[in-house]
Amino acid sequence: MTTEVRGLDDVFEKLDGLDKPEVFRRPMTQAVAHLQSKLAQYPPQVSRPQPFKTDKQRRYFFWALREGRIQVPYRRTGTLGRRWTTEVSPDGREGRVGNNTPYAKYVQGTREDQSFYHATGGWRRVDHVARIEERRVVGYFEEQYRRYTQE
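What you see is a predicted model; the values in this text were computed from it and never measured. (Residues numbered from 1 in each chain as written. Predicted model: local features only at pLDDT ≥ 70, side-chain atom pairs only at ≥ 80, totals over all residues. Heavy atoms only, no water.)

### Overview of the overall build of the protein chain
What counts, and what does not: Here a helix means four or more residues in a row that DSSP labels H or I, a strand means two or more in a row labelled E, and each is numbered from the N terminus. To get the radius of gyration, use the C-alpha atoms; to get the globule rule, take the number of residues to the power 0.38 and multiply by 2.2 Å. Categorising residues by exposure relies on relative accessible area from a 1.4 Å probe, with only protein chains included: less than 20% of the type maximum marks a residue as buried, more than 50% marks it as exposed, and the intermediate range marks it as partly exposed. Residue exposure ignores everything except the shown protein chains as possible cover, and the areas themselves are Shrake-Rupley values with a 1.4 Å probe.
What the protein chain contains, in helices and strands, is eight helices and two strands. Its helices and strands in sequence order give the protein chain the pattern α-α-α-α-β-β-α-α-α-α, from N to C terminus. For 151 residues, the compact-globule estimate of 2.2 N^0.38 gives 15 Å, and the protein chain exceeds it by more than 25% at 20 Å. Looking at the protein chain as a whole, 30% of its 151 residues are labelled buried. Taken as a whole, the protein chain presents about 10500 Å² of accessible surface, with 49% of it coming from carbon and sulfur.

### Structural notes on the packing of helix α2 (residues 25-39) against helix α8 (residues 134-149)
This is how the line gets drawn: Each axis is a line fitted through C-alpha atoms, taken for helices only over the stretch in contact, and angles between the N-to-C directions span 0 to 180 degrees. What sets the label is the angle itself: under 35 degrees gives roughly parallel, over 145 gives roughly antiparallel, 65 to 115 gives roughly perpendicular, and the rest give oblique. Working rule for handedness: look at the near helix, and if it is turned counterclockwise from the far one by less than a right angle, call the crossing left-handed; if clockwise, right-handed. The contact definition used throughout considers only heavy atoms, calling two residues in contact when any of these lie within 4.5 Å. Amino acid classes used here: Ala, Val, Leu, Ile, Met, Phe, Trp, Tyr, Cys and Pro are nonpolar; Asp, Glu, Lys and Arg are charged; the rest, including Gly, are polar.
The N-to-C vectors of α2 and α8 enclose an angle of 160 degrees; their axes lie 9 Å apart at closest approach. The angle between α2 and α8 places the two elements in the roughly antiparallel class. Crossing of α2 against α8: the hand is right-handed. Only R136, V137, Y140, F141, Q144 and R147 of α8 make contact with α2, whose side of the interface consists of R26, P27, M28, Q30, A31, H34 and L35. Along the lines of polarity and charge, the residues of the contact of α2 with α8 split into seven nonpolar, three polar and three charged.

### What to know about the pattern of salt bridges
Going by this rule: A pair is scored as a salt bridge if a Lys or Arg side-chain nitrogen falls within 4 Å of a carboxyl oxygen belonging to Asp or Glu.
Taken as a whole, this structure holds six salt bridges when the rule is applied. Residues joined by salt bridges that share partners form a network here, namely D55, R58 and R59.

### A few points about the packing of helix α1 (residues 8-16) against α8
Here α1 crosses α8 at 20 degrees, and the two axes come no closer than 10 Å. As judged from the angle between their axes, α1 and α8 are roughly parallel. The two elements α1 and α8 meet at a crossing, and its hand is left-handed. Between α1 and α8, the residues in contact are L8, V11, F12, K14 and L15 and V138, F141, E142, Q144 and Y145, respectively. For the contact of α1 with α8, a count of residues per class yields seven nonpolar, one polar and two charged.

Listed below in structure tokens is the structure:
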């Protein structure tokens, strides 16, 4: 899953002029931590039936239920929220927020990847969170610029 925050080019250009290599690392670290915290938030749990699309799905469901492989009602484990990770490049010009859970893209992925069930269940997509939080992320870099220009 990849998304890009818009509005950073102008601020990066201003910060480039300061000729201080550490100038990008602090705001990028703040930005990825902020996005990670937003992505790790779970929507309220709702109970709603998910209809079987095929007879094979129905048979698997009842077999897995009998075998104890699934539980009804479903209990959240929190794994998806715990497995969000962040990484900032040494120069601070690139930051990554990712999730190493195999099913993450079906729950919070792009419009093409996210399942209909999760899209209608309140789970926010990565690109949606990035767009909503864009102003805050850009603000970290603008604040850094003000800090360095006032010294």
